[in-house]
Every structure is written in structure tokens, then in C-alpha cells.
Amino acid sequence: DTGVSQDPRHKITKRGQNVTFRCDPISEHNRLYWYRQTLGQGPEFLTYFQNEAQLEKSRLLSDRFSAERPKGSFSTLEIQRTEQGDSAMYLCASRSDYYNEQFFGPGTRLTVL
Amino acid sequence: AQKVTQAQTEISVVEKEDVTLDCVYETRDTTYYLFWYKQPPSGELVFLIRRNSFDEQNEISGRYSWNFQKSTSSFNFTITASQVVDSAVYFCALSEAGTGFQKLVFGTGTRLLVSP
């Protein structure tokens, strides 16, 4: 299967801890997006990479959040000093230069206790 | 600013009924894309369709059909002869066209429950 994969699928952490999520996009896709989805809402954009360059960040991405995409392949999203309000589903999506549809991974569900 | 409104929070139908999910959007862009995604209970968003703003031709794919009307800024989705497997949350989304990064702006979704 060559779809978008995310790891872990679920993460439970205590408030104040740091967490890191990983996303592996579809191999030929050079554009990668992170979104956050809370219960009963649609996904909200967090950040965008084109190859290894982070070209756009949402205001939702506070300074506790950092994302990287070394070598333009997989991406990581780190949340430092987690808060209960960070509890959400974190979704990764990728797309190619030639088509406009984004393909999503299964998401990482974060629960902050 | 871009905005997508899905006024129907939840719809319940009985199998084999037809159902239409409404989507209204707002954008200042002259060219844009519209999308529908399905989110089953497993949680993964599944791409269904993309429509370019300059192409108002309606589309049919099996039991699914989409009605794009630029004059009313609507992009409605109809499922004909619904099945239990259609039960999911459906999201309408909008993105700019052109050379920008084209983030998706989602509506709040419509939960469809199809009972046997």
C-alpha cells in the first residue's frame, strides 16, 4: 500500500509532556500538509511543506508546535509542554504538483490528560 | 476569507432512500477548487471528488452525483439509493487555485446515518 501513513495512531500523554508524530507521504508527492481536527469539527490547516521547505504556518500553530520535513520525505510534528486543549486528531495529507486533491493519512489521535 | 458552510449537522435515512448533502461556500478568489471527502468511523478522510470553479458541469459516479452552481455558491452532493456503508461524516472543502499552497478549508461536516 502506498498511501499516506502516520505513526502513532493513538497517543495518550500527561499535560506538560512533549510528543512527536510522524507522517510518511505518498512517495512521489512533494507537498505535505498538517491539519488538526477536534470533535465535531472539520479539519483545520496547521502547516504546509513543499519538499523540505516549510512555506506556510497557521496562527493555530503556537510556538509550542514545530514541524520539520528533512530531505523532503517524511515529516514530524512536535508539540512541547502539551496542554489539554491540544487533544485532537492530527491529520497529515500529501499531494503531487500535478493534481490538486490531497490524500490523507489515518491520523494520530492525541489525548492529553 | 474563505468559508464553507454545511448547515445539516446530521441526516438519518433508511436504506435505499436518496439523500442530498448541502454545501455553500464563500471565496473572493476567481478560480478555486471544491472537494468532497468522506470520513467513516475509522477516521481516515477519503477523497471523493474535486471540481474546478470554471467547470460547472455536474458529475455522476455510480450512486454519487454532484451539483455545482456558481450562481448560488453551492456544491451539493447526492447519494442515490443509500446503503448502510454510506454512513459516515461527509466534508465539503474549498481551496484556492493557482500557484499558492492551496490549503483546504473545510466545513463542519454532515453526519449521515443510513439504517437498514
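In this text, all values refer to a predicted model and were calculated from it rather than measured experimentally. (Residues numbered from 1 in each chain as written. Chains lettered and ligands numbered in written order. Predicted model: local features only at pLDDT ≥ 70, side-chain atom pairs only at ≥ 80, totals over all residues. Heavy atoms only, no water.)

Visitor: Before we go on, may I ask you to explain the sheet that holds strand 8 (residues 75-79) of chain A in this structure?
Guide: Within a sheet, neighbouring strands are paired by backbone hydrogen bonds and run either parallel or antiparallel to one another. Residue and element names in this part refer to chain A. A sheet is described by the order of its strands in space; here four strands give the open sequence 1-3-8-7, paired in antiparallel fashion. The sheet terminates laterally at strand 1 (5-7) and strand 7 (65-68), the two strands that pair on one side only. Direction aside, neighbouring strands of the sheet carry axes that sit 15° apart on average. Both strand 7 and strand 8 contribute to a ladder of four bridges, which runs antiparallel. (Pairing = 2+ DSSP bridges. Helix = DSSP H or I, 4+ residues; strand = E, 2+ residues; numbered from the N terminus. Axes fitted to C-alpha atoms, helices over the stretch in contact; angles between N-to-C directions.)

Visitor: How do you make sense of the interface of chain B and chain A when you look at a structure like this?
Guide: Size of an interface, as often reported, equals the accessible area lost when the parts are brought together. The interface is formed by 18 residues belonging to chain B together with 21 residues belonging to chain A. Carbon and sulfur atoms make up 55% of the surface buried where chain B meets chain A, a total of about 1,700 Å² over both sides. Looking at the side of chain B facing chain A, the largest losses of area belong to Glu44(B), Leu45(B) and Phe101(B), adding up to 30% of the total buried there. Connecting chain B to chain A are one salt bridge. (Contact = heavy atoms within 4.5 Å. Buried area = accessible area lost by both parts, 1.4 Å probe. Salt bridge = Lys/Arg side-chain N within 4 Å of Asp/Glu carboxyl O.)

Visitor: Quick question: what am I supposed to make of unusual backbone geometry here?
Guide: Excluding glycine, most residues fall at negative phi; most peptide bonds, likewise, are trans. For the bond from Asp7(A) to Pro8(A), the omega torsion is -5°, close enough to zero to count as cis. Phi is positive for Lys16(B), which is not a glycine, with a value near 85°. Within the secondary structure, Lys16(B) sits in the loop between strand 2 (10-14) and strand 3 (19-21). Backbone geometry at Ser73(B) places phi at a positive 50°, although glycine is not the residue there. If you trace the backbone, Ser73(B) turns up in the loop between strand 8 (64-69) and strand 9 (74-79). Given a relative accessible area of 23%, Ser73(B) falls into the partly exposed group. (Buried < 20%, exposed > 50% of the residue type's maximum accessible area, 1.4 Å probe, protein only.)

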